[in-house]
Structure formats: C-alpha cells, structure tokens
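Structural description and commentary
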Amino acid sequence: MLFLVAALMLLGVVLGTVAHAPLDVTAGLAAVIAVWLAVFALRERLARRRTSAN
C-alpha cells in the first residue's frame, strides 16, 4: 500500500513537470522513452526466442 501511495505521488510530480514543460521538450522525451521501450521489447522477444529454441 505504501508503494502505491509513493507511486501516485511520483506520478503527480512527473505530470506536474510535464504540464509546465514546453511541448517540444515533452514530445522529445516521449520519443526517447518510446524508442527505449521498443528496444527493450525487441531484446526481450529475441531472448525469449533463443531460450525456447534451446
């Protein structure tokens, strides 16, 4: 429960920061995060495929 409260507080801080940041900065950071998540998903898929093949 404490983890949930801390996560919600952190989310509030991050959303407050995004609300005050310029749109191009927000879009740039969103693109960086999207690329990072895509690379992570690709690595996980390749690792899972290698593990199931053996």
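Notes on the structure in this doc start here. Treat the numbers as computed from the prediction; the structure is a model and nothing was measured. (Residues numbered from 1 in each chain as written. Predicted model: local features only at pLDDT ≥ 70, side-chain atom pairs only at ≥ 80, totals over all residues. Heavy atoms only, no water.)

Describing the overall build of the protein chain
Helix and strand counts for the protein chain come out as 2 helices and 0 strands. In summary, the protein chain has a C-alpha radius of gyration of 17 Å against a globular reference of 10 Å for 54 residues, an excess of more than 25%. Principal-axis analysis of the C-alpha atoms places the extent of the protein chain at approximately 50 × 35 × 5 Å. Per-residue burial over the protein chain gives 0% buried out of 54 residues. When the accessible area of the protein chain is evaluated, it comes to approximately 5100 Å², of which 76% is carbon and sulfur surface. (Helix = DSSP H or I, 4+ residues; strand = E, 2+ residues; numbered from the N terminus. Rg over C-alpha atoms; globule rule 2.2 N^0.38 Å. Buried < 20%, exposed > 50% of the residue type's maximum accessible area, 1.4 Å probe, protein only. Areas by Shrake-Rupley, 256 points an atom, 1.4 Å probe, with all protein chains shown as cover.)

Considering a nonpolar patch on the surface
Taken together, the side chains of Met1, Leu2, Leu4, Val5, Leu8, Met9, Leu11 and Leu15 make up a nonpolar region of the molecular surface, amounting to roughly 900 Å² of accessible area. Mapped onto the elements of the fold, Met9 is located in helix α1 (residues 2–20). Given a relative accessible area of 57%, Met9 falls into the exposed group. (Patch = residues over 30% accessible without salt bridge, like charges linked within 9 Å, V, L, I, M, F, W, Y side chains within 5 Å. Salt bridge = Lys/Arg side-chain N within 4 Å of Asp/Glu carboxyl O.)

A few points about α1
End to end, α1 covers 28 Å across 19 residues, agreeing with the expected 27 Å (1.5 Å per residue, within 8%). Judged by how many residues are buried, α1 sits mostly at the surface: 0 of 19 residues are covered. (Expected span 1.5 Å × (residues − 1).)

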